[in-house]
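Fold and geometry: a report
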Amino acid sequence: MSQRLVNWFKFASPASFYPLAGKMWPWFAAIGTVLAAAGLWISFFVAPTDFQQGEGYRIIFIHVPASWMSMFIYCVMAFWAAIGITFNTRLSGMMSSALAPTGALFAFLSLWTGALWGKPMWGAWWVWDARLTSELILFFLYIGYIALTAAIDDPRRADKAGAIISLVGVVNVPIIYFSVKWWNTLHQGASVSLTKAPSMAATMLWGMLIMALAFWMYSIAIALYRVRAIILERERHTTWVAELPEMQR
Amino acid sequence: MNAFIAIVRRDLLLAARRKSEVLTALFFFMIVVSLFPLGIGPETAMLRRIAPGVLWVAALLAAMLSLNRLFAADHQDGTLEQMSLSPTPLALLVSGKVLAHWLTSGLPLVLLAPVLGLQFDLSPRALGVLMVSLLLGTPVLSLVGAIGAALTLGVRGGGVLLSLLVLPLYIPALIFGAGAVEADVAGLGAGGHLSLLGALLALGVFFAPWAATAALRIALE
Amino acid sequence: MLRVHGLACDRGDRRLFSAVDFSLAPGEWLQVEGANGAGKTSLLRMLAGLAPSADGHIEWDGQPVSDVRDEFHARLLYLGHAPAIKEDLSALENLQTAAAVAGRPLDEATALAALRRIGLKGREDLPARVLSQGQKRRVALARLLCSQARLWILDEPFVALDVAAVSLLCSILDEHLSRGGLLIFTSHQAVQLGGIGNTLRLGPDPDASRPRPTIAEVPA
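The structure displayed is predicted, hence computed values, not measured ones.

**Focus on the overall build of chain A**
The helix and strand tally for chain A stands at eight helices and zero strands. Mapped from its N terminus to its C terminus, chain A presents α and β elements in the order α-α-α-α-α-α-α-α. The burial tally for chain A puts 46% of its 249 residues in the buried class. Summing over all exposed atoms, chain A offers an accessible surface of approximately 12,600 Å²; the carbon and sulfur share of this is 71%.

This is the structure in structure tokens:
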């Protein structure tokens, strides 16, 4: 047991994680590409045309997985924040800041596709639907995190401050979600739900799941790639970075 | 506990010596609320409908205004260092500061709100609900705001950043606070909203000082 | 009483100092010297437990400070670079609030006596805003007179003081030492104090890119 713990903490050091991340990210990127191709093929050519919503509904193959990912990534950020605060590991802060732009990207993607989907469905680019509103607030939370960590010069301080705001945020996300949902039912907003598309066919579900998996792989790949850049930037004065083959040129 | 009372007393004394800062936030609240009828039009039915939201959003912004100076002066003159060296837990002292902040920035809003509510033709009953909702909600604003103020301490562009961090977190308080008054105007009863607001307050009282303290320790390092 | 071993401090990517070793027994004092930016204030803040150290450990009464933090803070008086004076409060209010926050409330008579001894007679009720720089420092130093703390850590206590105030402060520090107190302070000037004193020089790094210990302990 203790042997395994030691092994885990070995990879918590940037110096040993850097080459590991370098080996891993191309694999995730490759799997992600294959899955995305398969998912897009299913969503555009295999999945049947919806009898109510026509071809326009196909955007949910991007929209729903993007929303899932944006929420999931925020939780992962908070997870790393908690690890960073508990064990005071440098890597966890780097992981959080590597994930934030990807999360913000998915939140934005979800909002954008939501608007594109809303226009033909509801006749308006924006509807104060509970899910869309929560997504918007989640996007604000991401922006807040990124702005805060960018405004603090000392990276260790920035990591710790970011950890606190992401933990405060993750406690608030369910509260915000339920308050918005409640507010929405009180005001009798849009009743059409994106995920409760009537009689969702099995192929639709498969397409969505495969796309979600592709996004997942993409997020892991890009986060690993970004964390490598962050490691290099922060550890540029150390000897192990100077001894890296890619620094010899 | 003595130290807690000392902090509350000191901050109240400081606010009393610098009345202008408290009054500025109050007048800001009044002006923002008064601008809405000018922008939207004077039909009473419409004003009655938008009143809860307008009053709550204005209270939110007014509470934001004073957050900047919650810890900034103490950080600059070294008082914060002394507080963190006190045998009294820093979280308790921070709670004292938040309480003093609420007494000087939240409570005046609660007292002023019914007067401004009259401009929007709210019924006496709705005014009462508005006051209760602000009484429960403004401490939440001070508590959550303290986390943001502590995080942006000594950070470039702290003021704008503070609003970016804190305003999304204010949304539940806004929804339940304004919702309580709306529900009452619609004759649905405000009890549910108010209890949820109370739950938010309880949650904030337990966790916000802790988070703000952790953030202050980062700024002190 | 206070033992420090192998203390190191990083600022950004640079190591400011490392391998700071000393111990301080009752009645002993330590003057920390060094050029601007040598890390004097950082060292004092580390000793007070305000900042984490990059390396090394600090012991109080044979136990790591991190284990006995509350006890240590109850015995500590730290006067930082910023004097923690509120401009809008009077000298008396400043002194009393500071003491209450530190967990040792002061009655008015004691506080007034301290302010008189430090040379602020007649100015007790003026807001600190109208006091001069040196007088503000005196308000901060009045805390020493009311303090029961064993360990005093003072950052530049002599700055902005006139000759009379310097000698007054020296006698206050002497009293503290003769009561068996411990004292650590930074100063650019040579100070004559009773008891056993040491000087710790945080020297400039000869090779900025390659940090190395440059600390020498010189018994006075």
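**Remarks on the overall build of chain C**
From N to C terminus, chain C includes six helices and ten strands. Its C-alpha atoms give chain C a radius of gyration of 18 Å, within 12% of the compact-globule value 17 Å for 220 residues. By principal-axis analysis of the C-alpha atoms, chain C measures approximately 55 × 35 × 30 Å. Burial analysis of chain C (220 residues in total) assigns 52% to the buried set. Within chain C, counting contacts between residues at least 6 apart in sequence, those at least 24 apart form 66% of the total. When the accessible surface of chain C is split by element, carbon and sulfur atoms take 50% of a total near 9,500 Å². Averaging the coordinates of the 24 positive side-chain charges in chain C and doing the same for the 26 negative ones gives two points 4 Å apart.

**Regarding the packing of aromatic side chains**
Residue and element names in this part refer to chain A. A full pass over the atoms with the stated rule returns 15 aromatic pairs over all chains. Residues phenylalanine 79 and tryptophan 80 carry aromatic rings whose centres are separated by 5.4 Å and whose planes lie at 65° to one another, so their mutual orientation is edge-to-face. You can call phenylalanine 79 partly exposed: its relative accessible area is 47%. Ring centres of tryptophan 128 and tryptophan 183 lie 6.3 Å apart, and the angle between their planes is 90°; on these two criteria the pair is classed as edge-to-face. Note that tryptophan 128 is positioned in the loop between helix H4 (90-122) and helix H5 (130-151) and tryptophan 183 in helix H6 (residues 155-186), a separation of 55 residues in sequence. By way of ring pairs, the aromatic residues Phe106, Phe215 and Tyr218 are connected into one cluster. Positioned above the aromatic ring of tyrosine 18, the side-chain terminus of arginine 228 is 4.2 Å from the ring centre.

**A short note on the pattern of salt bridges**
Under the counting rule described, the total for this entry stands at 23 salt bridges over all chains. Of the charged contacts in the structure, one is a salt bridge between A:Lys160 and B:Glu221, with a shortest N-O distance of 3.3 Å. With one member in each of two chains, A:Lys160 in helix H6 and B:Glu221 in the segment after helix H9 (191-220) form a pair that bridges those chains. The class of B:Glu221 is partly exposed, set by a relative accessible area of 42%. B:Glu21 is paired through a salt bridge with B:Arg69; the nearest N and O atoms lie 2.8 Å apart. Of this pair, B:Glu21 sits in helix H2 (residues 19-40) while B:Arg69 sits in the loop between helix H3 (44-65) and helix H4 (72-76), and the two are 48 residues apart along the sequence. You can call B:Arg69 partly exposed: its relative accessible area is 32%.

**Overview of the interface of chain C and chain B**
Each partner contributes to the interface: chain C provides 27 residues, whereas chain B provides 26 residues. Each partner contributes to the roughly 2,100 Å² buried at the junction of chain C and chain B, and carbon and sulfur atoms together form 59% of this total. On the chain C side of the interface with chain B, the three residues burying the most area are C:Lys86, C:Asp88 and C:Val101, jointly 30% of the side's total. Between B:Glu81 and C:Arg45 there is a salt bridge whose closest N-O contact spans 2.2 Å. Between the two partners, chain C and chain B, sit eleven residue pairs in polar contact (both at pLDDT 80 or more). Where the side of chain C that touches chain B is concerned, the elements lending two or more residues are helix H1 (40-48), helix H2 (69-74), strand S6 (76-79) and helix H3 (91-101) of chain C. For the side of chain C that touches chain B, the element with the highest residue contribution is H3(C), accounting for four residues. Residue classes in the side of chain C that touches chain B are distributed as 16 nonpolar, five polar and six charged.

**Looking at the packing of H3(B) against helix H8 (residues 158-185) of chain B**
Residues and elements named next belong to chain B. Where H3 meets H8, the axes come as close as 9 Å, and the angle between the chain directions of the two elements is 150°. Considering only the axes of H3 and H8, their crossing is right-handed. Only Leu162, Ser163, Val166, Leu167, Tyr170, Ala173, Leu174, Gly177, Ala178, Val181 and Glu182 of H8 make contact with H3, whose side of the interface consists of Pro52, Gly53, Trp56, Val57, Leu60 and Met64. When its residues are assigned to classes, the contact of H3 with H8 shows 13 nonpolar, three polar and one charged.

**Details of the sheet that holds strand S1 (residues 2-11) of chain C**
Residues and elements named next belong to chain C. Strands sit in the order S2-S1-S4-S5 across an open sheet of four strands; the sheet is antiparallel. Here the strands that pair on one side only, and so sit at the sheet edges, are strand S2 (14-24) and strand S5 (63-64). One ladder, built from five bridges, connects S1 with strand S4 (residues 55-60); its direction is antiparallel. Looking at S4, one finds that histidine 5 is bridged to histidine 57. The sheet strands contacting H1 are S1, S2 and S4, and the helix crosses S1 at an angle near 130°.

**Some words on the interface of chain B and chain A**
Counting residues at the interface gives 27 residues for chain B, matched by 27 residues for chain A. Roughly 2,400 Å² of surface becomes buried between chain B and chain A when both sides are summed, with 79% attributable to carbon and sulfur atoms. Considering only the surface of chain B that becomes buried against chain A, B:Leu151, B:Leu169 and B:Ile218 emerge as the three largest contributors, covering 23% of it. For the interface between chain B and chain A, the tally reads two salt bridges. Counting every contact that joins chain B to chain A gives four residue pairs in polar contact (both at pLDDT 80 or more). Among the residues making up the side of chain B that touches chain A, the classes are represented as 21 nonpolar, three polar and three charged.

**Side note on the confidence of the model for chain A**
Close inspection of predicted coordinates is inappropriate for parts of the model with low pLDDT. All names here are of chain A. Looking at chain A as a whole, its pLDDT mean stands at 83, while 87% of the residues score no less than 70. The weakest mean pLDDT in chain A belongs to helix H1 (residues 2-10) at 56; the strongest belongs to H5 at 91. A low-confidence stretch, residues 189-194 stays under pLDDT 50, and its non-local contacts, those more than four residues away or across chains, total twelve contacts.

**Some remarks on a nonpolar patch on the surface**
Taken together, A:Leu40, A:Trp41, A:Phe44, A:Phe45 and A:Val46 make up a surface patch of nonpolar side chains, about 560 Å² in accessible area. Relative to the helices and strands, A:Phe44 is located in helix H2 (residues 14-46).

**Concerning the packing of helix H6 (residues 90-119) of chain B against helix H7 (residues 124-151) of chain B**
Two numbers describe a pair of packed helices, the interaxial angle and the distance between the axes. Residues and elements named next belong to chain B. H7 packs onto H6 with a crossing angle of 150° between their chain directions and a minimal axis gap of 9 Å. Taken together, the axes of H6 and H7 lie roughly antiparallel to each other. Both H6 and H7 take part in a crossing whose hand is right-handed. Looking at the contact of H6 with H7, its residues break down into 17 nonpolar, six polar and no charged.

**Observations concerning the environment of A:Val227**
All names here are of chain A. For valine 227, the location among the structural elements is in helix H7 (residues 202-234). Sequence spacing of valine 227 and alanine 100 is 127 residues, and the spatial spacing of their C-alpha atoms is 11 Å. Ignoring any residue separated from it by four or fewer positions in sequence, one finds valine 227 in contact with Phe17, Met94, Met95 and Ala98.

**Regarding the nonpolar core**
If you look at the biggest cluster of nonpolar residues, it comprises 117 residues, and the most contacted ones within it are B:Phe29, B:Phe71 and B:Leu151. What B:Phe29 contacts, discounting residues up to four positions off in sequence, is B:Leu55, B:Ala58, B:Ala59, B:Ala62, B:Leu109, B:Leu112, B:Ala113 and B:Leu116. Of all hydrophobic cores here, the second largest spans 39 residues; its members include C:Leu115, C:Leu131, C:Trp152 and C:Leu183.

Rules used in this analysis
- Residues numbered from 1 in each chain as written.
- Chains lettered and ligands numbered in written order.
- Predicted model: local features only at pLDDT ≥ 70, side-chain atom pairs only at ≥ 80, totals over all residues.
- Heavy atoms only, no water.
- Helix = DSSP H or I, 4+ residues; strand = E, 2+ residues; numbered from the N terminus.
- Buried < 20%, exposed > 50% of the residue type's maximum accessible area, 1.4 Å probe, protein only.
- Areas by Shrake-Rupley, 256 points an atom, 1.4 Å probe, with all protein chains shown as cover.
- Rg over C-alpha atoms; globule rule 2.2 N^0.38 Å.
- Contact = heavy atoms within 4.5 Å.
- Lys, Arg positive; Asp, Glu negative; His and termini not counted.
- Charge placed at Lys NZ, Arg CZ, Asp CG, Glu CD.
- Phe/Tyr/Trp six-rings, centres within 6.5 Å; stacked < 30°, edge-to-face > 60°.
- Lys NZ or Arg CZ within 6 Å of the ring centre and 35° of its normal.
- Salt bridge = Lys/Arg side-chain N within 4 Å of Asp/Glu carboxyl O.
- Buried area = accessible area lost by both parts, 1.4 Å probe.
- Polar contact = N/O pair within 3.5 Å; in protein donor to acceptor, adjacent residues only side chain to side chain.
- Nonpolar A, V, L, I, M, F, W, Y, C, P; charged D, E, K, R; others polar.
- Axes fitted to C-alpha atoms, helices over the stretch in contact; angles between N-to-C directions.
- Left-handed = near helix turned anticlockwise from the far one by under 90°.
- Pairing = 2+ DSSP bridges.
- pLDDT = per-residue confidence, 0-100.
- Patch = residues over 30% accessible without salt bridge, like charges linked within 9 Å, V, L, I, M, F, W, Y side chains within 5 Å.
- Parallel < 35°, antiparallel > 145°, perpendicular 65-115°, else oblique.
- Core = buried A, V, L, I, M, F, W, Y, C linked by side-chain atoms within 4.5 Å.

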